[in-house]
Amino acid sequence: MSETVITRFAPSPTGYLHIGGARTALFNWLYARAKGGRMLLRIEDTDQARSTEGAILAILDGLRWLELDWDGEPVYQLARAERHRAVAEQLLAQGNAYRCYASPEELAAMREQARADGRAPGYDGTWRDREASDAPAGTHPAIRFKAPREGETVIEDQVQGRVVVANKDIDDLVILRSDGSPTYNLSVVVDDHDMGITHVIRGDDHLTNAARQAQIYRALGWDTPIFAHVPLIHGPDGAKLSKRHGALGVEAYRAMGYLPAALRNYLVRLGWSHGDDEIMSMDDVVRWFDLDAIGRSAARFDFAKLENLNGHYLRGTADAELVRSLQALVPELPDGAELGRRIDAEGWRQLERAMPGLKERAKTLVELLDNAAFLFAKRPLELDEQAAKLLDPAARQTLAELLPGLEAVEPWSPEALEACVRDFAEATGRKLGKVAQPLRAALTGRSASPGIFDVLDVLGREESLARIRDQALSIESA
RNA sequence: GCUCCCUUCGUCUAAUGGUUAGGACGUCAGGUUUUCAACCUGAAAACAGGGGUUCAAUUCCCCUAGGGGGUACCA
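Being a predicted model, the structure only gives us computed values, none of them experimental. (Residues numbered from 1 in each chain as written. Chains lettered and ligands numbered in written order. Predicted model: local features only at pLDDT ≥ 70, side-chain atom pairs only at ≥ 80, totals over all residues. Heavy atoms only, no water.)

Student: Mind showing me how you'd approach the environment of Phe-374 here?
Tutor: Take Phe-374: it is sitting in helix 15 (residues 373–376). Phe-374 sits ten residues away from Thr-364 along the chain, and the two C-alpha atoms are 17 Å apart. Beyond its immediate chain neighbours, meaning those up to four positions away, Phe-374 contacts Leu-443, Thr-444, Pro-450, Val-455, Leu-459 and Arg-467. (Helix = DSSP H or I, 4+ residues; strand = E, 2+ residues; numbered from the N terminus. Contact = heavy atoms within 4.5 Å.)

Student: Please clarify how the sheet that holds strand 4 (residues 97–100) should be interpreted in this entry.
Tutor: What holds strands together in a sheet is hydrogen bonding between their backbones, with the strands either parallel or antiparallel. Strands sit in the order 4-5-8 across an open sheet of three strands; the sheet is antiparallel. What marks the edges here is a single partner per strand, and that holds for strand 4 and strand 8 (174–176). Across the sheet, the mean angle separating the axes of adjacent strands is 45 degrees when strand polarity is ignored. Here helix 3 (residues 81–94) sits on the sheet and contacts strand 4, strand 5 (142–145) and strand 8; the angle it forms with strand 8, its principal contact strand, is near 120 degrees. (Pairing = 2+ DSSP bridges. Axes fitted to C-alpha atoms, helices over the stretch in contact; angles between N-to-C directions.)

Student: Would you mind going over the environment of Gly-445 with me for this structure?
Tutor: Its place among the elements puts Gly-445 in the loop between helix 19 (432–444) and helix 20 (452–459). Of the residues examined, Gly-445 reaches a relative accessible area of 1% and is grouped as buried. As a C-alpha pair, Gly-445 and Leu-390 span 55 residues in sequence and 10.0 Å in three-dimensional space. Setting aside anything within four residues of it in sequence, one finds Gly-445 in contact with Leu-381, Glu-382, Leu-383, Asp-384, Ala-387 and Arg-440. (Buried < 20%, exposed > 50% of the residue type's maximum accessible area, 1.4 Å probe, protein only.)

Student: Just checking my understanding: could you explain unusual backbone geometry for this structure?
Tutor: With glycine set apart, most residues show a phi of negative sign, and most peptide bonds adopt trans. That bond from Arg-379 to Pro-380 is cis: its omega, -10 degrees, falls within 30 degrees of zero. Along the chain, Pro-380 turns up in the loop between helix 15 and helix 16 (385–390). With omega at -5 degrees, the peptide bond leading from Glu-410 into Pro-411 counts as cis. For Pro-411, the position within the fold is in the loop between helix 17 (393–407) and helix 18 (414–427). A positive phi is found at Glu-67, a non-glycine position, where the angle reads about 60 degrees. Tracing the backbone through its elements, the reader meets Glu-67 in the loop between helix 2 (53–65) and strand 3 (75–76).

Student: Is there a simple way to explain the pairing of strand 9 (residues 199–203) in this structure?
Tutor: Regular strands place side chains that alternate from one sheet face to the opposite one. Most of strand 9 sits out of view: five of its five residues are buried. As paired elements, strand 9 and strand 10 (residues 226–230) share five bridges and run parallel to each other. Within strand 10, the position partnered with Gly-203 by the bridge is Val-230. What joins strand 9 to strand 10 is helix 6 (residues 207–220), and the crossover it makes is right-handed. (Right-handed = clockwise from strand over helix to strand, strands pointing away.)

Student: Honestly, helix 17 in this entry has me stumped. Any pointers?
Tutor: Since one α-helical turn is 3.6 residues long, residues separated by three or four positions face the same way. Taking 1.5 Å per residue as the helical rise, helix 17 with its 15 residues ought to reach 21 Å, and the 21 Å between its terminal C-alpha atoms agrees with that figure. Along helix 17, the helix axis deviates most sharply at Glu-401, where the bend reaches about 30 degrees; the proline Pro-404 sits within four residues downstream. Inspection of helix 17 places Ala-395, Arg-396, Thr-398, Leu-399, Leu-402, Leu-403 and Leu-406 among the buried residues, and these make up the whole buried set. (Expected span 1.5 Å × (residues − 1). Bend = angle between axes of the 7 residues up to and from the residue.)

Student: When you look at the pairing of strand 1 (residues 6–9) in this model, what are you seeing that I'm missing?
Tutor: Burial of the side chains of strand 1 extends over both faces: Ile-6 and Arg-8 are buried on one face and Thr-7 and Phe-9 on the other. Taking the sense of rotation as the criterion, the β-α-β connection linking strand 1, helix 1 (residues 19–34) and strand 2 (residues 38–43) turns out right-handed.

Student: Which parts of the structure should I look at to understand the nonpolar core?
Tutor: A general trend in soluble globular proteins is that nonpolar side chains are found buried together. In terms of nonpolar packing, the biggest core is built from 102 residues, with Leu-30, Phe-289, Leu-351, Leu-406 and Leu-439 touching the most fellow members. If we skip the residues at most four places from it in the chain, Leu-30 touches Val-268, Met-282, Val-285, Val-286 and Phe-289. (Core = buried A, V, L, I, M, F, W, Y, C linked by side-chain atoms within 4.5 Å.)

Student: Would you explain the packing of aromatic side chains in this entry?
Tutor: Under the counting rule described, the total for this entry stands at seven aromatic pairs. For the ring pair Tyr-266 and Phe-301, a centre distance of 5.1 Å and an interplane angle of 70 degrees mean the geometry is edge-to-face. Taken together, the residues span a long stretch of sequence, with Tyr-266 in helix 8 (residues 260–268) and Phe-301 in the loop between strand 12 (299–300) and helix 10 (303–315) at a distance of 35 residues. Ring-pair connections join several aromatic residues into one group, and the members of that group are Tyr-253, Tyr-258, Tyr-266, Phe-301 and Phe-303. Positioned above the aromatic ring of Tyr-123, the side-chain terminus of Arg-144 is 3.6 Å from the ring centre. (Phe/Tyr/Trp six-rings, centres within 6.5 Å; stacked < 30°, edge-to-face > 60°. Lys NZ or Arg CZ within 6 Å of the ring centre and 35° of its normal.)

Student: How do you make sense of the pattern of salt bridges when you look at a structure like this?
Tutor: When their charged atoms lie close together, side chains carrying opposite charge are able to pair. A full pass over the atoms with the stated rule returns 33 salt bridges. Here Glu-82 and Arg-85 are joined by a salt bridge, their closest N and O atoms 2.7 Å apart. Of this pair, Glu-82 and Arg-85 both sit in helix 3, separated by three residues, roughly a single helical turn. Owing to a relative accessible area of 25%, Arg-85 belongs among the partly exposed residues under this scheme. (Salt bridge = Lys/Arg side-chain N within 4 Å of Asp/Glu carboxyl O.)

Student: What exactly am I supposed to notice about the packing of helix 18 against helix 20 here?
Tutor: Two quantities define a packed helix pair, namely the angle between the axes and the distance from one axis to the other. The N-to-C vectors of helix 18 and helix 20 enclose an angle of 125 degrees; their axes lie 9 Å apart at closest approach. In terms of orientation, helix 18 and helix 20 fall into the oblique class. In the packing of helix 18 onto helix 20, the handedness of the crossing is right-handed. Contacts from Pro-414, Leu-417, Glu-418 and Val-421 of helix 18 reach helix 20 at Phe-453, Asp-454, Leu-456 and Asp-457. In the contact of helix 18 with helix 20, the residues fall into five nonpolar, no polar and three charged. (Parallel < 35°, antiparallel > 145°, perpendicular 65-115°, else oblique. Left-handed = near helix turned anticlockwise from the far one by under 90°. Nonpolar A, V, L, I, M, F, W, Y, C, P; charged D, E, K, R; others polar.)

Student: What is the right way to read the side chain of Asp-171 from this model?
Tutor: Summarising the element assignment, Asp-171 is placed in the loop between strand 7 (161–166) and strand 8. At 2.7 Å, the side chain of Asp-171 and the backbone nitrogen of Tyr-123 are in polar contact. If near-sequence neighbours (up to four positions away) are discounted, Asp-171 is found in contact with Gly-122, Tyr-123, Ala-147 and Arg-212. (Polar contact = N/O pair within 3.5 Å; in protein donor to acceptor, adjacent residues only side chain to side chain.)

Here it is in C-alpha cells:
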C-alpha cells in the first residue's frame, strides 16, 4: 500500500526567508511534486518573543516569489498550543513525563557543574523520581519528557544514513514550560503527526532533535515519519551562513536582480545532482528528484555560478516578460523612486525594443537596467571616462564627417544604418571599429553597449542625430 | 568539554574495488567580433593525512587532522 507523500516546510518567523530555508522549501516542494504528494506549510511561531507578523509576511512573500506553492492553508503552530498541552498531559498521565520544579538558577548551576566535570551539560533528572510533596510551594513546574536512559535511539535517515545516538546522551527535555506553553520538540512531533506528515525534510541542524523526537513518537505510540536531514549551506568563506553572518533573505536576491528560475536551479544543484546535468527545468527536476541523490556534505554559496545561471535564464526569457520583471523590480531598488519617474510609458516601450541586445549582455536584471541607462539619459549625455577618451578630436572629426550620410538614411532601420556606416567606413578608409566606437560613445556615453545599429534604431532618428551632433559639433567650436 | 555529521579541481558536483578520476562555474590562452557580452577551441586545476582489508583502493574499515551541527523553560 503506497501512502501519499506529505511533506512540510516549517519556518520559524523570526526573520526573513533565508537562502537555506528557501532550499529546504524547494526540496520539500520537489519531493512532494515528484511523488505526486502534497507540501504543507506550517509557521512555527511558538516563540512569541521573537516571532513577528512582518517575518511571516516576508516568508510567504519569498515562497511566492520563488513560485513554491503549498497545499491548503498555512498552519500556525501557536494556534495549536491547546492540543500540544493536552499531549503533554497525556504523557504525564502515562508516566512518560514528570513535573520539574528546578529553578533557572539551579539549572544554570547544574550545567556549569556538568561542564566542569566534563560531562554533557544536560538536565540531571533530579525531579524524575522525586515526590510531588517535595515541590517547593508557590512554584509552577515545567513538564519534562522522561527519556529512556538505557540503549540507543536510531534514526534511519534518507540522507544521512543510519544515525545512532546513545540514550544516555539525551537528557529529559522540557516539553511544557512552567507557564504552560509547549516547546518546540513537542509541538513538532504533535503537529507532524496530526498533519499526517510522511517525510520530514529539513536542515541537518535538526539531526539531533530527530532522536529526541523519535523518543516522543515512541512514547505516544505513533509511527515516526521518514527523516531526511539536508546539509546546511555555508557562506563563500566556509563559515556558517547564518542570519548574523550576512546571510540574505530571498528578497535580497530579488533586489539584486536574480530570476526565481535561476535561483531555483542554482539551489537545487547545491546538494542534489542528477549526473552531469546543470541547467534543468523544474519539470525535469520534478521527474528526477529523489532523496537518495542528495549529498551529505555542506555546500558553499557561490555567487559567480548563480550569476552565470541567471545570465542564462535572462537570455532565455521573453522580452515582454523581462520588462514586467523590471517594472516589478524598480521600486525595490535603492534609487528606484527616481528611476521610476524617469522611465515613462515610452521608455518602457523602448526598453522592450532594445531588450534583445540588452539581455544578451547582462547577468542580472540590475545590470541590465544599468546597461539600458542610455535610453533614459538626457542630452547632452554625460560621458564616462572611457567614452570621453574615445571621443578624441579625430573621433569627433569622424562623427562630423559621418553626419550628413546618416541624416540622409531612409528608412531609419538597422539594416539601412549599417549599410550607411559600413559604406562610409570603406569610402573613407577607416576600419568599422573606428567609426562604431565614437558613435557608441556619442550615443550611449559609454564604451560598451548593445549593437550600435540597434542602438541607433531604438533611439530613433531625431534623438540619435542630436546626440551625435552634440559630440561632433564640439570640434567645430573648438 | 561532550556528542553527531561531513571531507573528490578555487567552488558546485559525477563516477568506479582495476578509468588518461568526468562535467559545470570561475581562471588563463586562442578564435569570432562594431564594443561588451554570448558563442567556439584549448589549458592549468582534485580523491585531506596515516594505517589496514585486498592481487588491486579515490572507492571498504580504523585512526588523526580539518570543517560543520547540536548541547535552552529558542525554533
